[in-house]
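What the coordinates show
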Amino acid sequence: QVQLVESGGGLAQPGGSLRLSCAASGFIFSSYAMGWARQAPGKGLEWVSGISAGGETHYGDAVKGRFTISRDNSNNTVLLQMNSLLPEDTALYYCAKGPHWYVDRSYDYWGQGAQVTVSS
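All of the points below concern the structure found in this document. (Residues numbered from 1 in each chain as written. Predicted model: local features only at pLDDT ≥ 70, side-chain atom pairs only at ≥ 80, totals over all residues. Heavy atoms only, no water.)

1. Let's talk about the nonpolar core
Note that soluble globular proteins tend to have their nonpolar side chains buried in a common cluster. W36, V78, L80, M82 and Y93 are the most contacted members of the largest nonpolar core, which has 28 residues in total. Secondary-structure elements contributing two or more residues to this core are β3 (18-25), β4 (34-39), β5 (45-51), β7 (67-72), β8 (77-82), β9 (91-97) and β11 (114-118). Beyond its immediate stretch of four places on either side in the chain, M82 contacts G16, S17, L18, L20, R66, F67, Y93 and V116. (Core = buried A, V, L, I, M, F, W, Y, C linked by side-chain atoms within 4.5 Å. Buried < 20%, exposed > 50% of the residue type's maximum accessible area, 1.4 Å probe, protein only. Helix = DSSP H or I, 4+ residues; strand = E, 2+ residues; numbered from the N terminus. Contact = heavy atoms within 4.5 Å.)

Written out as structure tokens, the structure is:
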């Protein structure tokens, strides 16, 4: 049974940093792409970032240069380091598993979400 559990959300000031972590289980973690998506209040789901099984990274335009995705295959964990946070980064952030080894912005399993709020 695939399980994805996010942690590390919270409140940050504009310009600050937060790190999200996602613990994965129930599948061969090192064989699949992983990623993050977010949903702001009253808005649709937005793709944020993805990392292939081999570690190739991809970012949405809204976060490029500010967010960094990484994975630790020995601990079945994917991380999202968020720097230079903006109020518009406020959203519920979801960890997700891709159906392939490469990143194609499609996902087949999702975590429960972690709230990130950026406010002064």
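2. Regarding the sheet that holds β3
If you trace the 4 strands from one edge of the open sheet to the other, you get β1-β3-β8-β7, paired in antiparallel fashion. Both outer strands of the open sheet, β1 (3-7) and β7, are each paired with one neighbouring strand and no more. Going from strand to strand, the sheet's axes swing by 15 degrees on average, the running direction of each strand aside. In this structure, β1 lies alongside β3, joined through 5 bridges in antiparallel fashion. Considered in β3, the bridge of S7 is made with S21. (Pairing = 2+ DSSP bridges. Axes fitted to C-alpha atoms, helices over the stretch in contact; angles between N-to-C directions.)

3. Side note on the state of the cysteines
In this structure the tally under the stated criterion is 1 disulfide. Across a sulfur-sulfur distance of 2.1 Å, C22 and C95 are joined as a disulfide pair. The S-S bond linking C22 to C95 shows a torsion near -75 degrees; that makes this disulfide left-handed. Separated by 73 residues along the polypeptide, C22 in strand β3 and C95 in strand β9 bring together distant segments of the chain. Residue C22 shares its accessibility class with C95, and that shared class is buried. (Disulfide = S-S within 2.5 Å.)

4. Here we look at unusual backbone geometry
One non-glycine residue, S84, lies in positive phi territory at about 50 degrees. Structurally, S84 can be placed in the loop between β8 and β9. In this structure, R105 takes a positive phi of about 65 degrees despite not being glycine. Take R105: it is sitting in the loop between β9 and β10 (109-110).

Honestly, it's all geometry; don't read function into it.
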